[in-house]
Amino acid sequence: MSKFLSPTMFSKLLDNSAKAIKRFPIPLAFSVALTTYAISWICNGYTSFFSITVHYFLVLWLVYSIPFSMAVTLFVEDMPSRISRIAVTVGSNAVLALLCADTAYFQTASFYSGYSEIAIAIASIVALMVAPFLHKRQPNDIPLWNFSSRIIGAVAISYAIALLLMLGIFLLLASFYFLFGVDVSEKVFFCTAAVCHLLLAPMLIMQLVPQGSAKCDTQPVHFSSFGKSATHYLFMPLVAAYLITLYVYATKIITSWELPCGWVSWLVTGLMASSILLIAVLYPMLFNGQSKRIDTATARFLPLLIMPLLVLMSIAICRRISDYGVTTARIYVVIFNLWCYAVCIYMFVTRSRRTMPVITSFAAIAVLTTISPVSVNDFVCRSMANQLKQSMFANGVKKLPVNNEQYNAYIDRLPQDAKQEMGSKMDYLKYHYYSFISLCDSTVETDFVECEFAVRDAYQCDNFIESSEFSVPAGSRTMVTIDTTLNATVSDINGATTSYIPFTKHTSLGDASFRIGLKQLQQICESREKQPFLTISNGGNTLVISSFNYQTSNNKNGKTDLTFHFWGYVFMSKAKTQPQPAANAKQAK
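## A few points about the packing of helix α9 (residues 263-282) against helix α11 (residues 328-349)
Remark: α9 packs on α11, axes separated minimally by 12 Å, with the N-to-C direction vectors making an angle of 35°. As for how α9 packs across α11, the hand of that crossing is left-handed. Taking contact as the criterion, the partners of T269, M272, I276 and I279 in α9 are, on α11, F336, W339, C340, V343, C344 and M347.

Laid out in structure tokens, this is it:
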């Protein structure tokens, strides 16, 4: 302990801090500015002194500038020319500021998607990893692997220290109340968290970043027996399980001659991510003499094995777009699918000897596809707006933008199967300001409910008022929450005959039985106005349905199978529920 608290240790700590400040003055300045701004926001009652757009820009810029300016410093610190260093530093940080301004402006003025923020974060982190090697040709990516692993370790250690320090200070502040009766404001706790995570942690990371020859360490890391065992007996079997599952599924749909379901895209995405991570883990073994034949074969042929499954993913997403139309998320899945093709081909040709182009291309594509006003989201919204514009002019609209009365008249003139499509597109565009105002004025209410029983195979009702209030039924003694699924077979959902779904809830006070009418559900869905929660009473007990969804499918007998999932409450009275009369037990046949 005395050695740890010796003057030499304090001197070394101060020396390392001074070196970090000298090496990374710009990132440290951004860290101080972010901490100061966060504290001012907290002390000002969690409100900013600026408009929402300026506030959002400042937060984005200051947060992303810390790792990004560190990356720029690592890139320019070996440049011999001072003028070149200044020019690259100023230019790079100016580009980041423009990206953050673009994101803040378009995200606060239109539909908030979050894609741009994620893309800039990915690009900043990737830049920090690869910056020292962008202008230095290396025979392999071992230096990149070593440097990246040390950066990841530095981040983990620094934030663990910051978290422990924060918790220690929290405990100290809390003790003031229990020991001395001094009530410490919650703002002090938040300010402490801001200092620990926004200032202390980045400063510790800056001290741990390799420098000099350590940045380009060309010696492959030797894995311990535990690391090799974990890779060979845990990680590789997991990837193999993904492959086997997907190939079995591919065989199933080929033999049954059917199209793949949309879920397969998620599984292929997981396989691709885990495969890239596996190859990254195996990478040092390919150069340090620890590799086995299975390691070399995996790095060589795993990308080739993934290629047919990418075709499966392509078919699944094309089917999804064909069935349900184009959305921002689906276009991103298409772009990711194409990137996976390119990565697999590249890794197979290069025998997985280079990994830098994989991560840099992912970051570049992420940024380029999220910059407004040419982002994927903007493209999708413009496409939707053009479709709606053509539909409106073809259905009696003479001039744009329309008011609420003209909009409702337009919706009423649409064929039944087009109402849900056009109404949902308009509702989506309402949150994309610039596309929406070209079609509708501020009076238009677009709470269009997708609710056609005969049109949709799957439907989730959101037509209830979220803050709907209801009175507790008189005499109720117990309330039970409901989250359940019912199955039924109905002869004709849209027919004149009323059909019911029976539901019984077992409680401590007995059984409560109810009949849920499909026609009543349909009326809720077709209403253009938000509805109060659906209540059904029987024998003194009450069922309250707050939300529901269902799926329908035609069975071999020509009837319709219905799966009904709903959420709500059952209020039980002391009285027992009266048994259902035989005549009223008529269900959908």
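## Considerations on the nonpolar core
Grouped burial of nonpolar side chains is what soluble globular proteins tend to show. Grouped together as the largest cluster of nonpolar side chains are 32 residues, with contacts concentrated most on V264, L271, M272, L278, L302, I306 and L310. Of all the secondary-structure elements, those providing two or more residues to this core are α8 (225-255), α9, α10 (293-324) and α11. Top contributing element to this core by residue count: α8, with eight residues. Apart from the residues lying within four places of it in its own chain, the contact partners of L302 are V239, L243, S275, L278, I279 and A297.

## Some details on the pattern of salt bridges
Using the criterion set out here, one finds seven salt bridges in the structure. Ionic pairing is found between E77 and K215, a salt bridge with its closest N-O pair at 2.6 Å. In this pair, E77 sits in the loop between α3 (52-76) and α4 (82-109) while K215 sits in the loop between α7 (186-208) and α8, placing the two residues 138 residues apart along the sequence. Classification of E77 as partly exposed rests on a relative accessible area of 27%. On the basis of relative accessible area, K215 is assigned to the buried category, the value being 1%. D78 is the partner of K215 in a salt bridge, and the nearest nitrogen-oxygen pair spans 3.0 Å. On the criterion of sequence distance, the pair formed by K215 in the loop between α7 and α8 and D78 in the loop between α3 and α4 is long-range, its members being 137 residues apart. By relative accessible area, which is 38% here, D78 ends up partly exposed.

## Considerations on the side chain of S175
Mapped onto the elements of the fold, S175 is located in helix α6 (residues 142-180). By relative accessible area, which is 19% here, S175 ends up buried. Here L172 takes part through its backbone oxygen, which lies 2.5 Å from a polar atom of the side chain of S175.

## Some details on the packing of aromatic side chains
What characterises a pair of aromatic rings is the spacing of the ring centres plus the angle enclosed by the ring planes. Evaluated as defined, the whole model comprises 16 aromatic pairs. Centroid distance W145 to F223: 6.1 Å. Interplanar angle 65°. Geometry classified as edge-to-face. Of this pair, W145 sits in helix α6 while F223 sits in the loop between α7 and α8, and the two are 78 residues apart along the sequence. Judged by relative accessible area, which is 18%, F223 ranks as buried. In this arrangement the basic side chain of R300 is found over the ring face of F301, its NZ or CZ atom lying 5.4 Å from the centre. When the ring centre of F348 is taken as origin, the NZ or CZ atom of R300, which lies over that ring, is 4.2 Å away.

## Examining the state of the cysteines
Counting across every chain of the model gives zero disulfides. You can see C344 has no disulfide; the closest cysteine sulfur is in C340, sitting 6.4 Å from it. Among the residues examined, C344 registers a relative accessible area of 2% and is labelled buried.

## Observations concerning unusual backbone geometry
Looking along the chain, the bond that leaves L400 and enters P401 is cis, with omega of 0°. Residue position: P401 is located in the loop between α13 (376-394) and α14 (404-413). The backbone phi angle of Y46 is positive, close to 60°, even though this residue is not glycine. Overall, the relative accessible area of 29% leaves Y46 in the partly exposed class. Positive phi, normally seen in glycine, also occurs at S352, with a value near 60°.

Cut-off values and rules
Residues numbered from 1 in each chain as written. Predicted model: local features only at pLDDT ≥ 70, side-chain atom pairs only at ≥ 80, totals over all residues. Heavy atoms only, no water. Axes fitted to C-alpha atoms, helices over the stretch in contact; angles between N-to-C directions. Helix = DSSP H or I, 4+ residues; strand = E, 2+ residues; numbered from the N terminus. Left-handed = near helix turned anticlockwise from the far one by under 90°. Contact = heavy atoms within 4.5 Å. Core = buried A, V, L, I, M, F, W, Y, C linked by side-chain atoms within 4.5 Å. Buried < 20%, exposed > 50% of the residue type's maximum accessible area, 1.4 Å probe, protein only. Salt bridge = Lys/Arg side-chain N within 4 Å of Asp/Glu carboxyl O. Polar contact = N/O pair within 3.5 Å; in protein donor to acceptor, adjacent residues only side chain to side chain. Phe/Tyr/Trp six-rings, centres within 6.5 Å; stacked < 30°, edge-to-face > 60°. Lys NZ or Arg CZ within 6 Å of the ring centre and 35° of its normal. Disulfide = S-S within 2.5 Å.

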